[in-house]
Amino acid sequence: EAGVTQFPSHSVIEKGQTVTLRCDPISGHDNLYWYRRVMGKEIKFLLHFVKESKQDESGMPNNRFLAERTGGTYSTLKVQPAELEDSGVYFCASSQRRVNTGELFFGEGSRLTVL
Amino acid sequence: EDQVTQSPEALRLQEGESSSLNCSYTVSGLRGLFWYRQDPGKGPEFLFTLYSAGEEKEKERLKATLTKKESFLHITAPKPEDSATYLCAVQGGRNYGQNFVFGPGTRLSVLP
């Protein structure tokens, strides 16, 4: 069974440019989450999808970040325009519907470097 | 606001030298405490969920315990392959969604 896959693994852009990160969750997982770790900080929650609906986006830092989940399958996270403080590792995770065991399956992350 | 701290920040052990990692939390109404392992360049990998004080979970050389204020991850006779960052996370309080609050992690190095 394929795990959570994320693309790209690393992206280097200049301040003011746009970047789109993609996440493919495990097949059949309705719940999809975005987390990020900025340098030296803890992993922090960004948002949670249930299928194509945003369940909780309380962790999104500002309106430069836009997340979508087309048809309840893959998800994209767009940062536009990127700022220096957006640098970090963006993790996607998925879990089965109505399972609250704490068992999230994480991807390997997309490292974003904003110069 | 839910908070999680972990200690020590880093720990070096000799192979076979048992020890414990600490996770202290502040949360209103704990719904779950979770332990994850993260290898360099990888995403966190789920280990355990604990729901209430007094609960214990075991997996190979790892045992997680929970009190009302903290959790311990005990590592018995560790091997070099146990080297990783161990993350603690909580879910609770006003957080009725499924987002977790993570601690900063403990970097464990087990030397052969």
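Everything here concerns the structure above.
Residue indices follow the written sequence of each chain, beginning from 1 at its first position. Chains and ligands are labelled by the order in which they are written, letters from A for the one and numbers from 1 for the other. With the structure being a predicted model, the display of local features is reserved for residues of pLDDT at least 70 and the display and counting of side-chain atom pairs for 80 or more, all residues being used for whole-chain, interface and lining totals. With hydrogens and water excluded, all non-hydrogen atoms of the structure serve as input to the side-chain values.

S.K.: Lay out the overall build of chain B in plain terms, naming residues and giving numbers.
M.R.: Each helix is a run of H or I in the DSSP string that is no shorter than four residues. Each strand is a run of E no shorter than two, and both are numbered from the N terminus. Scanning chain B from terminus to terminus reveals zero helices and eleven strands. Mapped in sequence order, the helices and strands of chain B form the string β-β-β-β-β-β-β-β-β-β-β. As a reference, a globule follows 2.2 Å times the number of residues to the power 0.38, and the radius of gyration itself is taken over C-alpha atoms. A compact globule built from 112 residues would reach a C-alpha radius of gyration of about 13 Å, and chain B, at 14 Å, matches this within 12%. Once the C-alpha set of chain B is aligned to its principal axes, its extents read approximately 45 × 30 × 20 Å. Every residue pair with non-hydrogen atoms within 4.5 Å of one another is taken to be in contact. For chain B, the proportion of contacts with a sequence separation of at least 24, taken over those separated by at least 6, is 56%.

S.K.: Can you explain the pairing of strand β7 (residues 62-66) of chain B? Please cite residues and give values.
M.R.: Residues and elements named next belong to chain B. When a residue's accessible area, from a 1.4 Å probe over protein chains only, is under 20% of the maximum for its type it is buried; when over 50% it is exposed; and in between it is partly exposed. With four of its five residues buried, β7 lies for the most part within the structure. Pairing geometry for strand β6 (residues 56-59) and β7, over four bridges, is antiparallel. Paired with E58 across the two strands is K63, which belongs to β7. Counting the residues that bridge the hairpin from β6 to β7 gives two residues, and of these E60 lies at a positive phi of roughly 55 degrees. Strand pairing follows a simple DSSP-based rule, namely that at least 2 bridges must link the two strands. Pairing analysis gives five bridges linking β7 to strand β8 (residues 70-75), with the strands arranged antiparallel. Bridging from a neighbouring strand, L62 pairs with I75 of β8. Hairpin remark: β7 followed by β8, antiparallel, with three residues in the connecting loop.

S.K.: Break down the side chain of D56 of chain A for me, citing the residues and quoting the values.
M.R.: With respect to the helices and strands, the residue D56 of chain A is situated in strand β6 (residues 53-56). For the buried D56 of chain A, no salt bridge exists, and the shortest N-O distance to an oppositely charged side chain is 9.0 Å, to R31 of chain B. Each polar contact in these results corresponds to two N or O atoms within 3.5 Å; when the atoms are within protein, one needs to be able to donate a hydrogen and the other to accept it, and residues that are neighboring in sequence are counted only if both atoms are side-chain atoms. Here S58 of chain A takes part through its side chain, which lies 2.7 Å from a polar atom of the side chain of D56 of chain A. In this view, D56 of chain A contacts F45, L46, L47 and H48 of chain A together with N99 of chain B; residues no more than four positions away in its chain are not counted. Charge convention: Lys and Arg are scored as positive, Asp and Glu as negative, and His as well as the terminal groups of each chain are ignored. The salt bridge definition used is simple: a Lys or Arg side-chain nitrogen within 4 Å of an Asp or Glu carboxyl oxygen.

S.K.: Could you give an account of the side chain of S11 of chain A, with specific residues and numbers?
M.R.: Residues and elements named next belong to chain A. Along the chain, S11 turns up in strand β2 (residues 10-13). Judged by relative accessible area, S11 falls into the buried class, the value being 12%. With residues up to four places along the chain from it excluded, the contact list for S11 reads V19, R111, L112 and T113.

S.K.: Summarise the sheet that holds strand β8 (residues 75-79) of chain A; cite the residues concerned and give the values.
M.R.: What links the strands of a sheet is backbone hydrogen bonding, and the strands pair in either a parallel or an antiparallel sense. All names here are of chain A. With antiparallel pairing, four strands are arranged side by side in an open sheet as β1-β3-β8-β7. Strands with a single pairing partner mark the edges of an open sheet, and in this sheet they are β1 (5-7) and β7 (65-69). Strand-to-strand twist across the sheet, computed as the mean angle between neighbouring axes with direction ignored, equals 15 degrees. Taken together, the five bridges between strand β3 (residues 19-24) and β8 define a ladder with antiparallel strand orientation. Residue pairing for β8: T20 is matched across the bridge by K78. Orientation is described by axes fitted as lines to C-alpha atoms, over the contacting stretch for helices, and by angles from 0 to 180 degrees between their N-to-C directions.

None of the figures reported here should be taken as evidence of function without further support.
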